[in-house]
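Topology and contacts: notes
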Amino acid sequence: MKRFNADQVSLSEAPQQVRVDYSLIQAHANTQNISTHQSGSSFFIAFEILIDESCAPLDPRIVCPEEIAFEYSKFSRPNHCPSIWATRDEFPKDLPHLNPAPENSYASICLWRDGGNNSLYEHQGARGLIDTLVEWLNDAQDGELQHDGWEPTPRGSNIDCYCRIGELQNLVFSSMKQETQVLYSKSNITLFQYENTQLQGCIFPGHDLTAKKKQKYKKTLSNNTISAQTATVLLCAPSDSEPNTHNPIDIKSGEDFEQYLKYCGIEYSTHKLKQYAQTLLPKKNNKYSSIYLNVLIAHKRPIRLIEDIPDLAEGPAGAIEVIALLIELEVKNQSSIKIHPCTVTGIGSRSLLNKISGTTGASNSHVVIAGCGAIGSSLSDMLCKQGEKYITLIDNDIFSPHNTARHALGKLNISQSKAHALKSHLEDNYYCNSITAIHQEIDREKLLSPEVQRANLLIDCTASPKVSDEIDIGINSLPVCKCYITHAGKIGIFLYRNKYQSLFDLTLTSYFSALHNEKVSEWLSSRDQPNSRATSLGVGCGSNTLEMPYSTIQSHNSFFQTLINRKLEGDKESGVFINTLDDDYLPAGHYEIPVPGFTEQNTNGWTITISTEAHKKIERWTEHDTPNEAAGYLMGSFSTTLNRLTVIDATYCAQKKPSRTSATLPAAHDHEETMNTVKLTGNQVFPVGTWHSHPETSPEASPKDKATLSNISRFISERPQPYIMLINGRNHQKTLSMITPEEWN
């Protein structure tokens, strides 16, 4: 931790997210020696992680235990994934799956190929990070981190450089000689910045790369958009240069640039680049203070790149790696250089779309659509086809070539804001009175804005748990429906929440339906399996490699649209609806899951909701066992973001020795009914507490009950979660007690 200049601090000084993650990390079987630290605006959880100790590791530089730190910045979005650092000074920094980082920093670990660490953390939390990190380190010592091809260092940003990747690889491969080759072409650059967002943009390098220098520079500025006609400089490494280790240096300065060129074996310099830039400017009456250049760096790798990259060249040219940089040079200050890493993105093609698709060859309502991806764009298109007049579109994403496979928009919209492009598409093609587009992250502030609050219906098409939480926290006066597709396209979920319900409770209701619905149980069980295709469309992570034909989207969207119309026409009852497709992706039936009523109680800053069905079961078993005590488990889930615990069901444990003054529960894992629920729901519904009866007395906790709660409070941190105890007394009176891990308080 010395490179962070971080001081050890008490856990109580850390934000709630750090305290919650600390308890989860502490409870994990593969962690030890956990501590919290602070440096400036960042908090850290430092710990040691235990991995398999191989007798003959291929990479002995990985040791057990490894020193790890999670970094949480005060300036990150709430519940944003922490940065993951390997803090042992000797940890190798030439491994695959490392994020770019300054040369003197610790190694920054990238755990997931599709969607990155943020996606993993959002859906699986700190436990998911630790589980995957253990696998990552085991693979690292066994030399398995890139078993399926060379994994390029993730140098992505909000600036995309669109290339025909296969053609570019073939060009570089055929151009390579014993010395560095430099090729040039025209390039078009567009940079723009919407309100409250980072710089975004796109680069279109010319495909006529040659050794001739004929380009001229031209730049215009309009409405915060920079458009430039400039040059692309392609630097090709010598044919005998074939680096076989990774170099995750973060290229931000001229020194970094030259160091990376040296690593590639390329003889070039920032001085030569500046000299070339001067030749692009007018010799007289130069009005430009700075000039942008697109620089591509290409070199060979010992093996082909991973096949997840679309449109790779065939044969040995598929081993060519290309990185893209946008370099800004000041005209008057020749020493000033700014470098922006870019994402090399393939331009759309038939093969790309075939790969993505998984194929070879009437009202006056105001609707807000949150998320303008495959589902949101299609639903907005359907709403306009039927004459919907007022629609507000919210999304902060940029339209990319791969989106055309499953989206209402097409190739003419590449590099545009999805929300604004969709607004233009709808206005150009349909008779809409008012379409509003908002290019902004879907957060609580935006959900509370007037343009959302005055709507008749909010449709959440993001499939994001974070957005669902923001809706539950921020919106209590607006009906909401949530639509998403999961289980490799075989299941479509539609949740409708009126003003008095919670998306969290409805989601739990859909999970609990697995006890009676084989398709739902199959989906939830697959979520825990490695390499499962249980991905939810709408998350946006890895959507460029997620195979799902447009026909599947439309099968579910037609189902969603029917239910949306029903809600707009006056049906305001909360509901959970599931649409299913068979293994051939043909309709297999749909179901409406009864939504129980819920009682609600606030305890210790938490909202506790219990379904009426659970209450009925408790009453029935209480009456059955009277005058003896009855007992069982409370089944449900909880959210530390919402401070909400929901009980969806209650199980019953028959007493071996019935007594009027006590009841004994077996361990949850030994109780068949309880574990059957856990198994069928893929661990989405689990024990969150217990219940028992006082059939002849009041529901007040007895000394034995208080002692039980005290004992539980001492070991609850071993599996951090809240715990509730419900006591059902005579005359149907009930009391509820709750405890949480000490670290959460």
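Residues numbered from 1 in each chain as written. Predicted model: local features only at pLDDT ≥ 70, side-chain atom pairs only at ≥ 80, totals over all residues. Heavy atoms only, no water.

1. A few points about the layout of surface pockets
If a probe the size of a water molecule is rolled over the atoms, the empty space left behind becomes visible. Each pocket or cavity is described by its volume, and for the second largest pocket that value is around 1000 Å³. Looking at the second largest pocket, it is lined by 39 residues, and the ones nearest its centre are Tyr-633, Leu-665, Thr-690, Ile-712 and Tyr-723. Contributing elements (two or more residues each) for the lining of the second largest pocket: β26 (631–639), α16 (672–680), β28 (686–694), α17 (703–715) and β29 (723–729). Looking at which element gives the most residues to the lining of the second largest pocket, the answer is β28, with 8 residues. (1 Å grid on protein atoms, 1.4 Å probe; cavity = no way out; pocket = protein on both sides within 12 Å on 5 of 7 lines; lining within 4 Å. Points joined across faces, edges and corners; volume = space filled by probe spheres on them. Helix = DSSP H or I, 4+ residues; strand = E, 2+ residues; numbered from the N terminus.)

2. With respect to helix α2 (residues 116–141)
End to end, α2 covers just 21 Å across 26 residues, shorter than the expected 38 Å (1.5 Å per residue, more than 12% under). Taken as a whole, α2 carries its principal kink of about 125° at Gln-124. Phi turns positive, to about 70°, at Gly-143, one or two residues after α2. (Expected span 1.5 Å × (residues − 1). Bend = angle between axes of the 7 residues up to and from the residue.)

3. Observations regarding the packing of helix α1 (residues 16–27) against α2
A pair of packed helices is characterised by two quantities: the angle between their axes and the separation of those axes. Interhelical geometry of α1 versus α2 gives an angle of 50° and a closest axis separation of 8 Å. Relative to α2, α1 is oriented oblique. The interaxial crossing formed by α1 with α2 has right-handed handedness. Here Gln-17, Asp-21, Leu-24 and Ile-25 of α1 come into contact with α2, specifically with Tyr-121, Ala-126, Arg-127 and Ile-130. Looking at the contact of α1 with α2 residue by residue, the classes come out as 5 nonpolar, 1 polar and 2 charged. (Axes fitted to C-alpha atoms, helices over the stretch in contact; angles between N-to-C directions. Parallel < 35°, antiparallel > 145°, perpendicular 65-115°, else oblique. Left-handed = near helix turned anticlockwise from the far one by under 90°. Contact = heavy atoms within 4.5 Å. Nonpolar A, V, L, I, M, F, W, Y, C, P; charged D, E, K, R; others polar.)

4. Comments concerning the nonpolar core
Among the nonpolar cores identified, the biggest contains 96 residues, and Phe-70, Ile-109 and Trp-136 are the most heavily contacted of them. Per element, the largest residue contribution to this core is 10 residues, and it comes from α2. In this view, Phe-70 contacts Ile-25, Phe-43, Phe-44, Ile-45, Phe-47, Pro-82, Ser-83, Ile-84, Leu-129 and Ile-130; residues no more than four positions away in its chain are not counted. With 54 residues, the next largest nonpolar core counts Ile-266, Tyr-268, Ile-297 and Leu-326 among its residues. (Core = buried A, V, L, I, M, F, W, Y, C linked by side-chain atoms within 4.5 Å. Buried < 20%, exposed > 50% of the residue type's maximum accessible area, 1.4 Å probe, protein only.)

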